[in-house]
Structure formats: structure tokens, C-alpha cells
Amino acid sequence: MAKSKFHAIIVGGGLAGLMAAIKIAEAGANVSLFSLVDAKRSHSVCAQGGVNAAVNTKGEGDSPWIHFQETIYGGDFLANQPPVKGMCEEGPNLIYLLDRMGVMFNRTPEGFLQVEMRGGGTKYSRGLFAGATTGQQMLYALDEQVRRFEASGLVNRYEGWEFISIVKDDQGVCRGITAMNLRGDATAQSFPADVVILATGGCGSLFGKATASHICNGSAASAVYQQGAIYANGEFIQVHPTAIPGDDKCRLISESLRGGGGRVWTYKEGKKWYFLEEWYPAYKNLVPRDVASRAIHKVCREMGLGIDGSDMVYLDVTHIPAADLDRLFGGALEIYEKFAGEDPRKVPMKVFPAVHYSMGGLWVDYEQRTNIPGLMAIGECDYQYHGANRLGANALLSCLYAGFISGPVAIRYANGLEKKSNELNPGIFASEAKRRQEINQKIMSPRGKENPFQIQSELSDWMWENVTVVRHNDKLKKTDEKLLELLDRFDRMDIADESVWANQSLSLARQLYNMIVLSRVITLGALNRNESRGVHYKPEFPKRDDENWLKTTKAQWSPGGPIFSYEDVDVSLFKPRERRYDKEFKEEK
Amino acid sequence: MAKTVEVKIKRQASTKDSPRWETFQLPYKDGGNVIALLMEIRRNPVTSDGKPTTTVVWDCSCLEEVCGACSMIINGDARQACSALVDALKHPITLEPLSKFPVIKDLMVDRIALFENLKKVKAWIPIDGTYPAGPGPRMAERDRSWAYDISRCMSCGCCMEACPKYNECSSFMGAAIIAQVRLFNTHPTGEMNKEERLDALMGPGGVAGCSNAQNCEKVCPKKLPLVKSIAEINRAINIHALKRLLFN
Ligand SMILES: Cc1cc2nc3c(=O)[nH]c(=O)nc-3n(C[C@H](O)[C@H](O)[C@H](O)COP(=O)(O)OP(=O)(O)OC[C@H]3O[C@@H](n4cnc5c(N)ncnc54)[C@H](O)[C@@H]3O)c2cc1C
């Protein structure tokens, strides 16, 4: 590796992590990139729909300012406003940058960047897209740029490695990480760094029904939470209204299908009933996800009108000409065909809601710094940009943006350090690695009959049943009791593999502990918040309560469970108003 | 008795160990795929003759056939485990690791060679920096559309597995790598450095290693136009070589 003044570690090779790696390597500094999977297999590949940026190609009068307001409004005013404004303003530039990197974004007949209405919650054509695999295409472009820096010796990849913990010095400053190789000798090792950026994605797979990749379980964020990092707004978990059921995971049917004319219906008294169109005449099938998910939940669970009494409704595109469908949504339809075994051009798709995104995440300031000096967080694992509900196609933008601004902040921080991490007493690194290896050893030796994968199944079933679309305080309390039971059973586990070589069961078991701890943050955060806001809906408290709850939830780890405190939201730019989708949104000038 | 599915798995404890077969009898579930079967084994790692065993190791991530992680040989064919639906497979189902890459453990293999080769051919657009420079070059939708097809390559390794010329005795890089060169040489900015990439494919491991068996395209889970891409690059290399001869 070429020598530079300092050394950064980035954990996570999704959109956010790769963007940060590029910014830091571009400035001539060394980066070590850790990722559970090859970076190009990160969860970001799953994003089909598109990415928002107010490029206003079609001259509809869209602007970053409107994008900002719709994002804040869609998020039910829980997001701090200045960073969101920054993101929306930078949107077009970020897209242009990705375009220059070779992303095969769809084009207008003149060869300009094509835009379409892609996510819900807006009436502007603001979504850019590359076929039906926008996230994959953007991830590849960034991965290729990082490979270029790898070839020039600035980036070192640790793919197939699992981050375990950060290493802190006596002052509580983050000085590196411990990690283990999942494709070889999985012994905990330490790696010094002057600054660490966590870009480990979301925690969707904590829930039984989720569209997230298998690996998105929030374990890394939970690990640093247990080391003192604050976790914010954990209770805000987005459920996507339209997914295909599956035993291993649920596959998303992109919102862009509704954007492109797809209609949601079920049978009522023998007739097709387009309930979203009836209930929300202004936005119809394009209402935001939380609204659509609650509507489907109501239709299926309360009114008992799901298809054949199930939790499913129809998403119908059969009225759209097949040629248009293939051109615009080929990828999404292909997924349905492949995994449900039916042709959605001919028969309406059967869909139901599934957990999709975590608005909550590690608390960061406006420059992506956590409360632990030297530790930053970006991408879906931070909490900054989506408030109480994320608009479709905004996540990719927030990942790009957070990655983009985090680089220069990391550089400034590392350059300002009095002592570089490799000048510190190496004992702090050795002792953290030793401590983590002892935990590994304990997990690998059988201590009972519990199977970790079985515990995980129970965890995800409980979380799905009780901590998603509709929340009741009594059920939340019961869920927390269950989580404590699972923690207890964790100590009586047999992982059925005692070898140190590529031990995936060890890895899952380690993660499982972190998952249960994080689930408590989510569940108790939901229990405390006695109001309804964005995705967080409690029939006992059906109204938003700004007087008491226009506040960011902050959870801090303690041995007895999370300790909660609340911080005012920065609403300095756009005054909170009621959020409703039966009427059209009018922006402020 | 409840319906079951028989699965035979070729297992290997580490790169150095020799492989062995294990058979599992698993409960049948409607609409399931091979991944769901492997997950079931993890929850109850017991072979069909009732012996407890270690949990099976394999790679996976997105589970919707866009990440390329879960490639393995299923009933003799290289493909993605997530899109292999149990109902569509012949039973018993056999699972083996890809054979052209070193086995790490069980069904997990080391595909680093693939990424190293992408480095060799400079599979990227050499942008000058991340500073704001406006949009990228305009591109006709017609070209964009077929270039997009190639850019969906997920580095899964199936084309290499199926290729008779991709093996330990040859340095042939394989169809996926050649197709990427075509992609970057088509992009208006990438085209400015196309010679570098062609150079990388002229020597050992390059396009001359292809014997035109065309297996690559048949097994590609994304149906990439690999045969055409190899032919195009072959042509470009001939022109490139000729130019070099004439003008150097
Ligand atoms: C099905 C689906 C479709 C979506 N579609 C869209 C869309 O159309 N538009 C949109 O804007 N958003 C969409 N989203 C959301 C968006 O895809 C994600 O929010 C975004 O990709 C997250 O990117 P990231 O960089 O934060 O993390 P990820 O891409 O999830 O990457 C996380 C990285 O961290 C690594 N990692 C995690 N834990 C560890 C550990 N312990 N040690 C080492 N490495 C670790 C992983 O290996 C990976 O490299 C979609 C989400 C889903 C589930």
C-alpha cells in the first residue's frame, strides 16, 4: 500500500461506503474497506426503482427546494431540516457524477437523462433510473472507481470480513476496529485506523417478513451502540406495501409500478374495489408507503377482504400494454415471474406488505459524526434524512450524499489528530482483539441445546407480528419480555460447528446477540412513543402530537437495557403542518 | 407422512480437506427455493440417517438474483441458488460448489480471480475527479439499452464454470471480463482509453483463449450477449493490432 498521512477504515461496501472510500482515496489517503460480502454484492444491488434528484429535465418546475419540502412532509417532520436541504440541493450534482462514472441511466430520445415519477409522495418526475436495477448499476459504478484506487494502491479490500467492534483508547476515542475473516481463519483481529466510518446498511432482516438482503440485520450498528454510540429513532421501521411472499425472504415489487399506472385492488361484494383510489383521491395509488401499508393492513386484517381471506391484495398492471411494461419495468416483472411463477402481464400480482427500510439508525451530527470521536456513520445505518417515513427513491440519494460529505470530514478529523493511531500503545488493540476472541470461543463451545437459527426465527416472527404496521402497547411490552427470554436462551446455545475455519454459524450467533439487543431499542422506543407519526401508528394514540413528540428518540446502551432521552427536531426551515394525502400538497415559496 | 425433499450436498471442511457427500431429508414447502432448503438445514443440522452434522456453509446476499453471490452447481448446472425453485428441479436435488474456483468450505468458493481480472483490464471509466463537472456525455438510448444489458453482469462466475477453456491450465479470463471491456469501450468517455483495455486482452488470458464453445451465454443467468461481445472485442482487437502495426 502507498503510504499516506493517515489511514481510514470504512466498514461496508454499499453505495454509502464506496462513495466515502472514493472521496478519501481521491485525496490521496489510504483506505481499508471491510465488507461481509464482495462490495458489489452489497444490499444496494436490490434497489430497483430509482434515485431522486430534482434535475427538472421535463421543465415541470421541480426544484431542490420542493424536493426538500416533500421529503420533510413525507417524513412527518421528524427529520432535522438543514441536512435534508443539503441532500436535496446536492442531488443533481451527485447524479451527474454517477452519470460521468458510466451508470447506464435511461435516456430521453435526445440522449439526456430520463426522469419519471418513481417514488410515492410526489407529483414531479424526479426519479432517475437505470433499467430496473438502478441500485445495482450505481453500486457497480462506484465499485469500479474503488477498484481503480485499489489498482493504484490506495484502497485495500477486506471482502468476506466481518466487523466485530471498534477499538477505543483511554479517552474513549475510536482508534480502529476488530474483525474476523469469514472466508478463512475466523479469529478476531485488530486493525488500527485514524478514523472509522460505519456504512453497514439497514436492519430489515430483524423482521420475519422483509425485502432486505439476508445480511441486513443491524448487527454492526448494534455493536457500536453497545460500545456507547447513540442509536436514534429506532422505532421508525418502514413497511413496503407491495412484496411477494417467500420463505427465505420477500421480494419487493417496486413502487415504480404504481408510479407507472399500476392499480391496487381487492374484491368487495364480488366487485373490484380500488380502495387506495377511493380513500386518497389526490394521490390514489401513489400515496406514500406507510399510508398504503396501513390501508392494506386495514383491508386485510380489519375488514377481512384480503384475497381469499389472506393478507394479500392485487397489484394490477395488466391494463398497460406489454411492450411498455417490458421497456419500463422489465426487471421488476421478471422478479415476479421468476419467484412467483406467474406472468404479471397477464394476471394481477398478489402482494402484501413487508419490512423494507429503517429510518432510524446511529445518531450523527450534521457532518455524519457519531457521539464517539473518530467514529462516523453513513447510509441506511445513520438516522439523518428520512424522519418518520422515507419517500421512495430517496434512500439511494441519502447514501450517496452521506458518503460524499463524510469523506472530507473524515480527512479533516484525521489530519487534526495529535497522535496517529499507530503511534499509540499497541496494547489497546491487542486487548480488544483478545476480549472479542474470548467471546467467540465461548459461543463456539456448546453450552446447551438451543439452535441460533431457531432463536433467530422466533425473534423475527415476534418483531414482524408486533412491531410493524400497527402497534399496541400491551403487545410491545410482551415482545420485550420475549426478547429478554431470547437473550437468556442465547447463553444455552450449540452452534453445531466448533472449527475456526469460515465458521458462518459463529458469525450468525455473534450477530444474533446484537440483533436482539437492537430489537429492544426498536420495541421499547415504540412503546415509549405514545403518538402516531409517519410509519409509527398506534390506534390508542392515533394523532401526531407535536407538543410532546416532535423529538428525536436517542437510545443509549446500559447493562439494564436502553436508556432513552429526547432531542428537539430542527424545524428551522419549514414549519410543521398536518400531513395528509387525501388532499394535494402545496409547497411554501 | 408429510412430503419431503431429498438433498445431496458435496461438502468440504476447508480448502485442504477432501470432499464428502451428505444427504438430507427436508420438509417440503410450497414455492420454496434452494436457499430455503439450506436455511432449513441450518435450523436442524441432521442428515437423513439421523446423524447430527455441522451446518452447511454457502454464500448469499440479495436472494433476488441481482448480487451474484449464491452461485453453485445444482443438479449439474451452474446457477444461482435463490432462483432455483424446488418445484422446478429434479429430485433428489444435488448441490456442489463451483469447480473452477478454490473451495473455501462446503458450497463457498473463492472468486477473487474474477475481480483481479477486472483490475487487469481496467474495467472502469477513468473520471478525472469527483468535482462538479455537469452531466456525463449524451448517449443514444439505443446504445444505452444494449450497454445496460452488459452492465447487469453480476460477476457470479457461471460463465467461467461452464467454459471449457477456463481452467487451471490456462489463464483465459473468461467471457464476463471480455464483455465488460466491450461495455467500457462503448461508453463515450471509456472509449477514450479503449486501447488500454484492448491491450490487456491481446496477451495471455485474452480473447484468443476463447474456443467458441458458447457455453457461457447458455448458462448466463442474466442472458448477457456474451458470444456477440467476444466477437466484437475480437474484431476490435484485430483492428487495434493492425493499426499498431501500421502506425508504430
Ligand atoms: C428490495 C429493496 C429495494 C429498494 N429500492 C430502492 C430504490 O428503488 N430507491 C431507493 O432510493 N432506495 C431503495 N431501497 C433502499 C436502499 O437500497 C438502501 O437503503 C441502500 O441501498 C442502503 O445502502 P448502504 O450503502 O447504506 O448499505 P448496503 O448497501 O446495505 O451495504 C451495507 C454494507 O455493509 C456491509 N456490512 C454490514 N455489516 C457488516 C459487518 N458486520 N462487517 C462488515 N461489513 C458489514 C455489507 O457487506 C455491505 O457491504 C431499497 C431497499 C430494498 C430492501
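Residues numbered from 1 in each chain as written. Chains lettered and ligands numbered in written order. Predicted model: local features only at pLDDT ≥ 70, side-chain atom pairs only at ≥ 80, totals over all residues. Heavy atoms only, no water.

### Regarding the overall build of chain B
Then, in step 1: Of the regular secondary structure elements, chain B holds eight helices and seven strands.
Then, in step 2: A principal-axis box enclosing the C-alpha atoms of chain B has dimensions of 75 × 40 × 30 Å.
Then, in step 3: Looking at the 248 residues of chain B, the share that counts as buried comes to 53%.
Then, in step 4: Taking contacts inside chain B between residues at least 6 apart in sequence as the whole, the part at least 24 apart equals 61%.
Then, in step 5: Carbon and sulfur atoms provide 54% of the accessible area of chain B, an area that totals close to 10,900 Å².
Then, in step 6: The centroid of the 33 positive side-chain charges in chain B is displaced by 2 Å from the centroid of its 27 negative side-chain charges. (Helix = DSSP H or I, 4+ residues; strand = E, 2+ residues; numbered from the N terminus. Buried < 20%, exposed > 50% of the residue type's maximum accessible area, 1.4 Å probe, protein only. Contact = heavy atoms within 4.5 Å. Areas by Shrake-Rupley, 256 points an atom, 1.4 Å probe, with all protein chains shown as cover. Lys, Arg positive; Asp, Glu negative; His and termini not counted. Charge placed at Lys NZ, Arg CZ, Asp CG, Glu CD.)

### Digging into the interface of chain B and chain A
In many reports, interface size means the accessible area that the parts give up when they come together.
Then, in step 1: Of the residues lining the interface, 71 residues belong to chain B; the matching set on chain A comes to 68 residues.
Then, in step 2: Taken together, chain B and chain A are joined by six salt bridges.
Then, in step 3: A salt bridge links K119 of chain B to E150 of chain A; the nearest nitrogen and oxygen atoms lie 3.2 Å apart.
Then, in step 4: On the surface where chain B and chain A come into contact, there are 41 residue pairs in polar contact (both at pLDDT 80 or more).
Then, in step 5: Of all the elements in the fold, those that place two or more residues in the side of chain B that touches chain A are helix 1 (34–43), strand 6 (103–105), helix 2 (112–120), helix 3 (141–151) and helix 5 (175–186) of chain B.
Then, in step 6: In terms of residue class, the side of chain B that touches chain A is made up of 39 nonpolar, 18 polar and 14 charged. (Salt bridge = Lys/Arg side-chain N within 4 Å of Asp/Glu carboxyl O. Polar contact = N/O pair within 3.5 Å; in protein donor to acceptor, adjacent residues only side chain to side chain. Nonpolar A, V, L, I, M, F, W, Y, C, P; charged D, E, K, R; others polar.)

### A look at the domain arrangement of chain A
Residues and elements named next belong to chain A.
Then, in step 1: The assigned domain composition of chain A is domain 1 (242–354) and domain 2 (427–564).
Then, in step 2: Between domain 1 and domain 2, the residue contacts involve seven residues of the former and seven residues of the latter.
Then, in step 3: Of all residues in domain 1, D290, R294 and H297 give up the largest surface area on contact with domain 2, accounting jointly for 62% of the area buried on that side.
Then, in step 4: Taken together, the links from domain 1 to domain 2 amount to one residue pair in polar contact (both at pLDDT 80 or more). (Domains from an automatic or database assignment. Buried area = accessible area lost by both parts, 1.4 Å probe.)

### Some points on the sheet that holds strand 11 (residues 237–244) of chain A
Residues and elements named next belong to chain A.
Then, in step 1: Taken in spatial order, the six strands make up an open sheet running 12-11-16-15-13-14, and their pairing is antiparallel. The open sheet is flanked by strand 12 (251–252) and strand 14 (271–273), the only strands paired with a single partner.
Then, in step 2: Two elements, strand 13 (residues 263–268) and strand 15 (residues 313–316), share three bridges in a ladder whose sense is antiparallel. Bridging from a neighbouring strand, R263 pairs with D316 of strand 15. (Pairing = 2+ DSSP bridges.)

### Description of the domain arrangement of chain B
Residue and element names in this part refer to chain B.
Then, in step 1: You can read the domains of chain B as domain 1 (4–109) and domain 2 (112–247).
Then, in step 2: Centre-to-centre separation of domain 1 and domain 2, based on C-alpha positions: 31 Å.
Then, in step 3: Across the boundary between the two partners, domain 1 contributes 13 residues, which contact twelve residues of domain 2.
Then, in step 4: The contact between domain 1 and domain 2 buries some 1,000 Å² in all, and 56% of this surface belongs to carbon and sulfur atoms.
Then, in step 5: Applying the counting rule to domain 1 against domain 2 returns one salt bridge.
Then, in step 6: On inspection of domain 1 and its partner domain 2, the count reaches six residue pairs in polar contact (both at pLDDT 80 or more).
Then, in step 7: Elements with a minimum of two residues in the side of domain 1 that touches domain 2: strand 3 (71–74) and strand 4 (77–80).
Then, in step 8: For the side of domain 1 that touches domain 2, the element with the most residues is strand 4, which contributes three residues.
Then, in step 9: Of the residues belonging to the side of domain 1 that touches domain 2, the class tally is six nonpolar, four polar and three charged.

### Considerations on the pattern of salt bridges
Think of it this way: side chains of opposite charge can pair up when their charged atoms draw near.
All names here are of chain A.
Then, in step 1: For the coordinates displayed, the defined rule picks out 66 salt bridges over all chains.
Then, in step 2: Among the ionic pairs, K338 bridges to E334, the shortest N-O distance being 3.9 Å. Residue K338 and its partner E334 are located together in helix 9 (residues 322–340), separated by four residues, close to a single helical turn.
Then, in step 3: Accessibility expressed as a relative area gives 25% for K338, which makes it partly exposed.
Then, in step 4: A salt bridge links R435 to E432, with the nearest nitrogen and oxygen atoms 3.5 Å apart. Here the residue R435 and the residue E432 both occupy positions in helix 11 (residues 427–444), the gap between them amounting to three residues, near one helical turn.
Then, in step 5: By sharing partners, the salt bridges in this structure join D76, E235, R529, E531, R533, R544 and D546 into a single network.

### Considerations on the nonpolar core
Then, in step 1: I24, L98 and F105 of chain A together with L38 and L95 of chain B are the most contacted members of the largest nonpolar core, which has 185 residues in total.
Then, in step 2: Of the residues forming this core, the biggest block, 13 residues, is contributed by helix 10 (residues 395–415) of chain A.
Then, in step 3: In contact with I24 of chain A, other than residues within four places in its own chain, are F6, A8, I10, A29, V31, I197, G407, A410 and I411 of chain A.
Then, in step 4: Core analysis: the next-biggest nonpolar cluster, separate from the first, contains 75 residues, I166, I177, F207 and V517 of chain A among them. (Core = buried A, V, L, I, M, F, W, Y, C linked by side-chain atoms within 4.5 Å.)

### Looking at helix 11 of chain A
Residue and element names in this part refer to chain A.
Then, in step 1: The end-to-end C-alpha distance of helix 11, which contains 18 residues, comes to 26 Å, matching closely the 26 Å that a straight helix rising 1.5 Å per residue would cover.
Then, in step 2: Among the residues making up helix 11, those that are buried are I428, F429, E432, A433, R436, Q437, N440, I443 and M444. The arc enclosing the buried residues of helix 11, seen along the axis, measures out at 160°, which places them on a common side.
Then, in step 3: Where helix 11 is buried, its residues contact strand 6 (161–168), strand 7 (174–181), strand 8 (189–192), helix 13 (473–490) and helix 14 (504–528). (Expected span 1.5 Å × (residues − 1). Arc of directions from axis to C-beta.)

### Structural notes on the sheet that holds strand 5 (residues 155–159) of chain A
Residue and element names in this part refer to chain A.
Then, in step 1: Strand order across the open sheet formed by five strands is 5-2-1-9-18, with parallel pairing between neighbours. Both outer strands of the open sheet, strand 5 and strand 18 (375–377), are each paired with one neighbouring strand and no more. Neighbour to neighbour, the strand axes of the sheet diverge by 20° on average, direction disregarded.
Then, in step 2: With four bridges joining them, strand 1 (residues 7–11) and strand 9 (residues 195–198) adopt parallel strand pairing. (Axes fitted to C-alpha atoms, helices over the stretch in contact; angles between N-to-C directions.)

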